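# Examination of the molecular architecture
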Amino acid sequence: AEAIPYLRPTAEKSPDNEELHGVLAQSCLYAKQYQCTLDEYKQILTVNPNSAQAHMLAGEAWDGMFEQEKATAEFEEAEKVAPNEPNVHFGLGYLYWKQKRYADAEREFELELKNEPDYAQALAYLGDAQLRLEQKEAAQATLEKALTLPGVPRIAWLDMGILLGDQGKNEASIADLQRAIAMDPSEVDAHWRLARLLLDRKSTRLNSSHITI
């Protein structure tokens, strides 16, 4: 936000400087000044109509404004003009994932991983999409790889906890769910799963200690 007042007058004096307008658009996006990002996006397209970066910035801005259809359209356009652009497939896959289009999301995450096989976030969300599509073996293999990488998001720990719980590996499941909770205590999904596991464990212990006379 502090950079914007310095960048804007310089960008206005240099309408054809695509890189400068891209930096301003990115600064506006980080500052959640989404209309500023969209204004710069339009300016970049006058210089370079095939700018994948501009479409991706606009997509993120629309997503920040909860306009998911417009955000998706921008990322789809970015993918058309630059299918090997870093993050284009992940960004589109993430938008599909948010819309519960899990098969489409799975495809996009896999495309991103072809470009960057050790992309922790792409692996984590691919695993989640596979889990939601009932591809449990594939999901577990994907998540196991994700959890070996730095920067893996909490969803990977949550999903692995779910998978292990379904397999009756309760102690390991509890540990993974607790890890997910530690990463973001405000999310209720891991709390709910952990509570169910603890209740089931308590119920099992009570039943095993019951004596019939």
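Before any of the text, the structure's been laid out above.
Below is a short write-up of the structure. Every chain begins its residue count from 1, and numbering advances along the sequence as written. Reporting in this predicted model follows two pLDDT cut-offs: at least 70 for local features of residues, and 80 or more for side-chain atom pairs to be given and counted; totals over whole chains, interfaces and linings ignore these cut-offs and use all residues. Remark: hydrogens and water are excluded; side-chain values derive from all non-hydrogen atoms of the structure.

Turning next to the pattern of salt bridges. A carboxyl oxygen of Asp or Glu within 4 Å of a side-chain nitrogen of Lys or Arg is what we treat as a salt bridge. Scanning the entire structure with this criterion turns up 8 salt bridges. Among the ionic pairs, K145 bridges to D118, the shortest N-O distance being 3.7 Å. Of the two residues, K145 sits in helix 9 (residues 136–146) while D118 sits in the loop between helix 7 (102–115) and helix 8 (120–132), which places them 27 residues apart along the sequence. Measuring nitrogen to oxygen at the nearest pair gives 2.6 Å for the salt bridge that ties R132 to D128. Within this pair, R132 and its partner D128 are both found in helix 8, separated by 4 residues, close to a single helical turn. Only protein chains enter the accessibility calculation, which uses a 1.4 Å probe. A residue is then buried if its area is under 20% of the maximum for its type, exposed if over 50%, and partly exposed in between. The class for D128 is buried, based on a relative accessible area of 1%. Look at the salt bridges and you will find they share partners, linking R101, D104, R107 and E108 into a network. In DSSP terms, a helix is any run of H or I states spanning at least four residues, a strand is any run of E spanning at least two, and both are numbered starting from the N terminus.

Here the focus is the packing of aromatic side chains. Only Phe, Tyr and Trp rings are paired, with Trp represented by its six-membered ring, and only when their centres lie within 6.5 Å; those with planes under 30 degrees apart are stacked, over 60 edge-to-face, the remainder tilted. Here the structure, examined in full by the defined rule, presents 8 aromatic pairs. For the ring pair F109 and Y125, a centre distance of 6.3 Å and an interplane angle of 40 degrees mean the geometry is tilted. Of this pair, F109 sits in helix 7 while Y125 sits in helix 8, and the two are 16 residues apart along the sequence. Of the two residues, F109 and Y125, neither departs from the other in class, the shared state being buried. Put simply, the rings of F90, Y94, W97, F109, Y119 and Y125 pair up and form one aromatic cluster.

Quick look at helix 8 now. Residue count minus one, scaled by 1.5 Å, sets the expected span of a helix. With 13 residues, helix 8 extends 19 Å between its outermost C-alpha atoms, agreeing within 8% with the 18 Å of an ideal straight helix rising 1.5 Å per residue. Counted residue by residue, helix 8 has 11 buried out of 13 residues, so it is predominantly covered. Taken together, the buried positions of helix 8 are A120, A122, L123, A124, Y125, L126, G127, D128, A129, Q130 and L131. Looking at the buried side of helix 8, the elements it contacts are helix 6 (88–98), helix 7, helix 9 and helix 10 (154–166). At the exit of helix 8 stands E134, carrying a positive phi of roughly 65 degrees. Here, residues are in contact when the closest pair of their heavy atoms is within 4.5 Å.

Our next topic: the side chain of H21. Relative to the helices and strands, H21 resides in helix 2 (residues 18–30). A residue is classified by how much of its surface remains accessible, and H21, at 5% relative accessible area, is buried. If we skip the residues at most four places from it in the chain, H21 touches A11, S14, P15, E40, Q43 and I44.

Two cysteine sulfur atoms make up a disulfide if the distance between them is within 2.5 Å. Following the criterion strictly, the structure yields 1 disulfide and no others. Across the disulfide, C28 is cross-linked to C36 (sulfur-sulfur distance 1.9 Å). The residues C28 and C36 share a single accessibility class, namely buried.

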